[in-house]
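Spelled out, the chains give:
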Amino acid sequence: MELPDRATGEAVSQIASLLAHTYERRRRVWRVEAVNEEVDNPGPESLHVNEVDA
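Model, not experiment: these values are computed from the prediction.

## Concerning the overall build of the chain
Counting its secondary structure elements, the chain contains one helix and zero strands. Within the span of the chain, comprising 54 residues, buried residues form 0% of the whole. Entry remark: accessible area of the chain is about 5,500 Å², with carbon and sulfur atoms responsible for 56%.

## Concerning the packing of aromatic side chains
Overall, the coordinates contain one aromatic pair when judged by the stated rule. Ring plane angle 80° and centroid distance 6.4 Å describe the contact between tyrosine 23 and tryptophan 30, whose orientation is recorded as edge-to-face. Given a relative accessible area of 47%, tyrosine 23 falls into the partly exposed group.

## Concerning the pattern of salt bridges
Tallied over the full model, the rule gives three salt bridges. Among the ionic pairs, arginine 26 bridges to glutamate 33, the shortest N-O distance being 3.8 Å.

What counts as what
Residues numbered from 1 in each chain as written. Predicted model: local features only at pLDDT ≥ 70, side-chain atom pairs only at ≥ 80, totals over all residues. Heavy atoms only, no water. Helix = DSSP H or I, 4+ residues; strand = E, 2+ residues; numbered from the N terminus. Buried < 20%, exposed > 50% of the residue type's maximum accessible area, 1.4 Å probe, protein only. Areas by Shrake-Rupley, 256 points an atom, 1.4 Å probe, with all protein chains shown as cover. Phe/Tyr/Trp six-rings, centres within 6.5 Å; stacked < 30°, edge-to-face > 60°. Salt bridge = Lys/Arg side-chain N within 4 Å of Asp/Glu carboxyl O.

Here's what the structure looks like:
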């Protein structure tokens, strides 16, 4: 991409960098939220072989 001057190029570069960092942080938050959701709402507990009635 051709930019009109050096200052504009640097600004665009900084904005792109900030967006990339923000996206990565948000992805980490999504993963933590997913884990917390799983911990808060566990699936049905499977019975151990010895606990199953025959």
